[in-house]
Amino acid sequence: MNRYLQSIERLQEAKAYVAGGVASSLRASMKPTPLYVQKAYGARILDVDHHEYIDYMLAYGPLILGHAHPAFNEQLYEAMLKGSTYGLQHEGEIRLGQRLTEILPCADQVAFSGSGTEAVMLALRLARAYTGKTKTVRFYGHYHGWSDAIFTSFPSPDFSSSGHTEAAGSEIIQGTAGQSLNSLQDLILLPWNDSEALEATLTKHQHEISAVITEPVMCNSGCIAPKPGYMEKMRELTAKFGIVLIWDEVITGFRLGLGGAHERFGIVPDLVTIGKAMAGGIPLSAVAGKRDIMRLIEEGKVMHLGTLNGNGLATAAGLAVIQELSKSDGQAFKGMEHTATQLTEGIRSILRTNGLQAVVNQQGPVFHLMFIDRSEVSDFDTFNLRDSQLYTRFAEEMLHEGILVRPNGLWYVSTAHGEKEVQETLAAVEKVAQRIAAHRS
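The notes below deal with the structure included here. Bear in mind the structure is a predicted one, so any value in this text is a computation, not a measurement.

Thresholds applied
- Residues numbered from 1 in each chain as written.
- Predicted model: local features only at pLDDT ≥ 70, side-chain atom pairs only at ≥ 80, totals over all residues.
- Heavy atoms only, no water.
- Helix = DSSP H or I, 4+ residues; strand = E, 2+ residues; numbered from the N terminus.
- Rg over C-alpha atoms; globule rule 2.2 N^0.38 Å.
- Buried < 20%, exposed > 50% of the residue type's maximum accessible area, 1.4 Å probe, protein only.
- Areas by Shrake-Rupley, 256 points an atom, 1.4 Å probe, with all protein chains shown as cover.
- Pairing = 2+ DSSP bridges.
- Right-handed = clockwise from strand over helix to strand, strands pointing away.
- Phe/Tyr/Trp six-rings, centres within 6.5 Å; stacked < 30°, edge-to-face > 60°.
- Axes fitted to C-alpha atoms, helices over the stretch in contact; angles between N-to-C directions.
- Parallel < 35°, antiparallel > 145°, perpendicular 65-115°, else oblique.
- Left-handed = near helix turned anticlockwise from the far one by under 90°.
- Contact = heavy atoms within 4.5 Å.
- Nonpolar A, V, L, I, M, F, W, Y, C, P; charged D, E, K, R; others polar.
- Salt bridge = Lys/Arg side-chain N within 4 Å of Asp/Glu carboxyl O.
- Lys, Arg positive; Asp, Glu negative; His and termini not counted.
- Arc of directions from axis to C-beta.

So, on to the overall build of the protein chain. Within the protein chain one finds twelve helices and 14 strands. Over its C-alpha atoms the protein chain spans a radius of gyration of 22 Å, differing by no more than 12% from the 22 Å that the globule rule assigns to 441 residues. With the principal axes as the frame, the protein chain shows a C-alpha extent of 60 × 55 × 50 Å. The 441 residues of the protein chain split such that 53% are buried. Of the roughly 19200 Å² that the protein chain leaves accessible, carbon and sulfur atoms contribute 51%.

What follows concerns the pairing of strand β8 (residues 244-249). Most of β8 is tucked away: six of the six residues are buried. Neither face of β8 is exposed, since V244, I246 and D248 on one face and L245, W247 and E249 on the opposite face are all buried. Strand direction decides the pairing type here: strand β7 (residues 209-214) and β8, joined by four bridges, are parallel. The partner of V212 across the bridge, within β8, is L245. The parallel pair β7 and β8, bridged by helix α6 (residues 230-241), forms a crossover whose chirality is right-handed. One ladder, built from four bridges, connects β8 with strand β9 (residues 271-274); its direction is parallel.

Looking now at the packing of aromatic side chains. Two descriptors summarise a pair of aromatic rings, namely the distance from one centre to the other and the angle between the planes of the rings. What the rule picks out here adds up to nine aromatic pairs. Measuring from centroid to centroid gives 5.0 Å for Y56 and W411, while their planes differ by 40°, and the two rings are tilted. With Y56 in the loop between β3 (52-55) and α2 (70-80) and W411 in strand β14 (residues 410-412), this pair connects stretches of sequence that are 355 residues apart. Here Y56 matches W411 in class, with each residue buried.

So, on to the pairing of strand β2 (residues 44-47). Alternating positions in β2 separate into two faces, R44 and L46 on one and I45 and D47 on the other, with burial throughout. The sheet contact formed by strand β1 (residues 37-41) and β2 spans four bridges and is antiparallel. Within β2, the position partnered with Y41 by the bridge is R44. As defined by bridge partners, β2 adjoins β3 across three bridges and the pair is classed as antiparallel. Note that in β3 the partner of R44 across the bridge is I54. Two successive antiparallel strands, β2 and β3, enclose a turn made up of four residues, where H50 displays a positive phi of approximately 70°.

We now examine unusual backbone geometry. P32 follows K31 through a cis peptide bond whose omega is 5°. Here P32 lies in the loop between α1 (5-14) and β1. Phi is positive for C223, which is not a glycine, with a value near 50°. If you trace the backbone, C223 turns up in the loop between β7 and α6.

To describe two helices that pack against each other, one gives the angle between their axes and the distance between the axes. At their nearest, the axes of helix α3 (residues 91-103) and helix α9 (residues 312-353) sit 9 Å apart, and the two run at 40° to each other. It follows from the interaxial angle that α3 and α9 lie oblique. For the pair α3 and α9, the sense of crossing is left-handed. Residues G92, E93, R95, L96, R99, L100 and I103 of α3 pack against T315, G318, L319, I322 and S326 of α9. A breakdown of the residues in the contact of α3 with α9 according to their chemical character gives five nonpolar, four polar and three charged.

Following the criterion strictly, the structure yields 18 salt bridges and no others. Here R44 and E421 are joined by a salt bridge, their closest N and O atoms 3.2 Å apart. Here the residue R44 occupies a position in strand β2, and E421 occupies one in helix α12 (residues 419-440), the gap between them amounting to 377 residues. Judged by its relative accessible area of 11%, R44 is buried.

Another aspect to go through is the sheet that holds β14. Spatial ordering of the open sheet is given by β11-β12-β14, a layout of three strands whose pairing is antiparallel. The open sheet has two free edges, formed respectively by β11 (358-363) and β14, since each of these has just one partner strand. This sheet shows a mean twist of 20° between the axes of neighbouring strands, independent of strand direction. Pairing geometry for β11 and strand β12 (residues 366-371), over six bridges, is antiparallel.

Before going further, it helps to spend a moment on the side chain of K133. Residue placement: K133 occurs in the loop between α4 (116-131) and β5 (135-139). Buried charge K133 goes without a salt bridge, the closest partner of opposite sign being E208 at 9.7 Å.

Ordered in space as β1-β2-β3-β13, the four strands form an open sheet in which the pairing is mixed. Each edge of the sheet is formed by a strand with only one pairing partner; in this case those strands are β1 and β13 (403-404).

A few words now on helix α8 (residues 291-298). For an α-helix, 3.6 residues make a turn, and residues three or four places apart therefore share a direction. Among the residues of α8, those classed as buried are I293, M294 and L296. With its buried residues spanning 130° around the axis, α8 presents them on a single face. G300, located one to two residues past α8, shows a positive phi value of around 80°.

A few words now on α1. For α1, every residue scored as buried is listed here: S7, L11 and A14. In an axial view of α1, the angular spread of the buried residues amounts to 65°, which keeps them on one side of the axis.

Quick look at the structure:
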């Protein structure tokens, strides 16, 4: 009997009403089938077939407190009793805005929106309006949402079979059918971690480039860290040429510390985009940055719209997350990083013992596991040499053992993960590694 029978049946039912049967295309890539959830608690999920899993997907990143955190839920409930949204202003907007300007080094002011994609759209619009220039520099392997003006080159399984490729010469290929090709004409696509390519491009096109947008850590493509001095050079060059530096911290924000990666690395961009973990699973994102850029919204030069922007539930969620992560002088971050380190060290040891060549890149409480015949992976070209099919099999086998991981290799750790989860996970890795090794021998 198929252990995922109820999920399979629900997927077929959903396809009659929901395009593709799932609410986000990325979820369709899960093998052997997209799971349907019955309930979730702490670090664990129970599916409709009554299988329990330790969850390292964490809703693709937002659940930094885990599922159904009691204090988080209590604050949401109190907010709901006052009404969920008004289309008017309320105290929550002020308090959350204040807290963000206190904890984010780059933030003089913030602007709220609902998703990371929307935050990036606003940040790019602000940069163009502020500089009077139109072009944007972005990098291979980075992900900045799915809007027409920025979506290209990200190696997503959703599009890998459709013939789309990355930039060929000066041509930038659309990331999906139906995307406006005209919208991509203002993009310049560069390799990341290449200081020479960056300096040459910014020098040559300084009078055209409004913004450089980058992930501070290439989380979606190998959890690759910047080379020493690279981000400092990027900051130096953008300041020199009057180009707005945007850090996309939708993943790293509230994961690498309350102040995000730019606090951890000690570099202050002009704008940051934040989301995911900021509201613990409630839709909320923001752009934060320098007052002389953000004032363009107040002056009415840049329109920033959204019916549900800064609603009461979202701001309550953001304040609740910050409150929990701020306790005991940031002890939550130390705990999550310790848990992630236990996992990465254990996984490396188990795979090595079973003769499986792999690299695990860790940045705080997030890490990426890939099967590859290399001792390290520090650039996008090398990342693309990984055995993605083997990892897909690994992820499916781990699911059978009660461990839920993303099919792309990225693992998230929450405050709800602890010693018990670590030991159960490593025991599952041992079983799966032995089976894979036996099959390959």
